[in-house]
Amino acid sequence: MTAGAGRFAPSPSGDLHVGNLRTAVLAWLFARSSGRGFLLRVEDLDPERSRTEAAQLRDLTAVGLSWDAVPVRQSERTGYYLAAIDRLSEAGRVYECFCTRSEIADAPRAPHAPPGAYPGTCRNLTEEERARRRRDRPAALRLRADAEQYTVHDLLHGTFTGPVDDMVLLRNDGVPPYNLAVVIDDAAQGIDQVVRGGDLLTSAPRQAYLASLLGLPEVVYAHVPLVLNGAGQRLAKRDGAITLTALAGIGMDSDDVRNLILASLNLPPGTLENALDAFSPALLPRGPWVFDSPGSVLPGL
């Protein structure tokens, strides 16, 4: 048994769609095939959007997933995130930011900066300026980064270098953001393999950089191809026609959906344990899977 674990970490903001379930199956296969444990984490930092945990756990179980410990909820771990911010603050890595989203979007930035990167508006405010701005609105806390980019290695994409900026560490409503929480929780749970959708590849350098500042272990990444709809768009939870509940309404049970997912990965039908014997990351389709409707599915473009 390899030390460490893989995980699936959904946000309970809606029923899981076929793309979410496919990524969960892949995360399970990657972990089990490498002798790792497999854990589930509920990323419920936003209480206004976190209402479907029970339904998500039900659907994951229905397609055959199992995990090795009671699921962890991020909403119960705020103290750990604040402690990490304190560590960074003691190292001079934290500053207050009073910018609104519109101010950040409209601010000038360096020509090489990626879209949405923080331009450093509040980075060097004087104490007098900070005191004045606190009277107008509460501050968020940002990381004082000393790098513009960071490199990670991905099992499917190879070496990937992406931008790093002064990311938010604590929102001005007191809620820790995803980029901080995911880094702290992966380390705390002993997770050293992160399998997730390819749309999150660009966030990996920022998270790996933050982990390095906190002295946390590196993780192995595998960002897997997305599932697209017939229009070539990434599936979203608002696409209600591709959830287990909706598919059951047209006669597809959870076994059918699992077999459809396995077929899209060039794996045999049946249980996940059966598919595990044939699983190899090197043989996975590298393009997106187009899932328009059960009658018009194009696996492995």
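Before reading on, note that the structure itself is shown above.
Residues numbered from 1 in each chain as written. Predicted model: local features only at pLDDT ≥ 70, side-chain atom pairs only at ≥ 80, totals over all residues. Heavy atoms only, no water.

Caption draft 1: Local environment of the nonpolar core. Counting 38 residues, the largest nonpolar core has Leu26, Phe30, Leu60, Leu65, Ile261 and Leu265 as its most contacted members. When contributions to this core are tallied by element, the ones reaching two or more residues are helix H1 (18-33), strand S2 (37-42), strand S10 (220-224), helix H8 (244-248), helix H9 (254-264), helix H10 (272-276) and strand S12 (289-291). Ignoring any residue separated from it by four or fewer positions in sequence, one finds leucine 26 in contact with Val195, Val224, Leu265, Phe279 and Leu284. Residues Leu180, Ala181, Val182 and Leu214 belong to the second largest nonpolar core, which totals 22 residues. (Core = buried A, V, L, I, M, F, W, Y, C linked by side-chain atoms within 4.5 Å. Buried < 20%, exposed > 50% of the residue type's maximum accessible area, 1.4 Å probe, protein only. Helix = DSSP H or I, 4+ residues; strand = E, 2+ residues; numbered from the N terminus. Contact = heavy atoms within 4.5 Å.)

Caption draft 2: Broad picture of the pairing of strand S1 (residues 5-8). Neither face of S1 is left uncovered, since the one carrying Ala5 and Arg7 and the one carrying Gly6 and Phe8 both have all their residues buried. Examined bridge by bridge, S1 and S2 share 4 bridges and lie parallel to one another. In the strand pairing of S2, phenylalanine 8 is matched with leucine 40. Where the polypeptide runs from S1 across H1 and back to S2, its parallel neighbour, the crossover connection is right-handed. (Pairing = 2+ DSSP bridges. Right-handed = clockwise from strand over helix to strand, strands pointing away.)

Caption draft 3: Representation of the sheet that holds strand S3 (residues 72-73) within the structure. Spatially, 3 strands are ordered S1-S2-S3 in an open sheet, and the strand pairing comes out parallel. Each edge of the sheet is formed by a strand with only one pairing partner; in this case those strands are S1 and S3. Pairing of S2 with S3 involves 2 bridges; the strand directions are parallel. When the bridges of S3 are listed, arginine 41 appears paired with valine 72.

Caption draft 4: Examining the state of the cysteines more closely. Evaluated as defined, the whole model comprises 0 disulfides. For the unlinked cysteine cysteine 97, the closest cysteine sulfur is that of cysteine 99, found at 4.0 Å. Note on cysteine 99: no disulfide assigned, nearest cysteine sulfur contributed by cysteine 122 at a separation of 3.7 Å. (Disulfide = S-S within 2.5 Å.)

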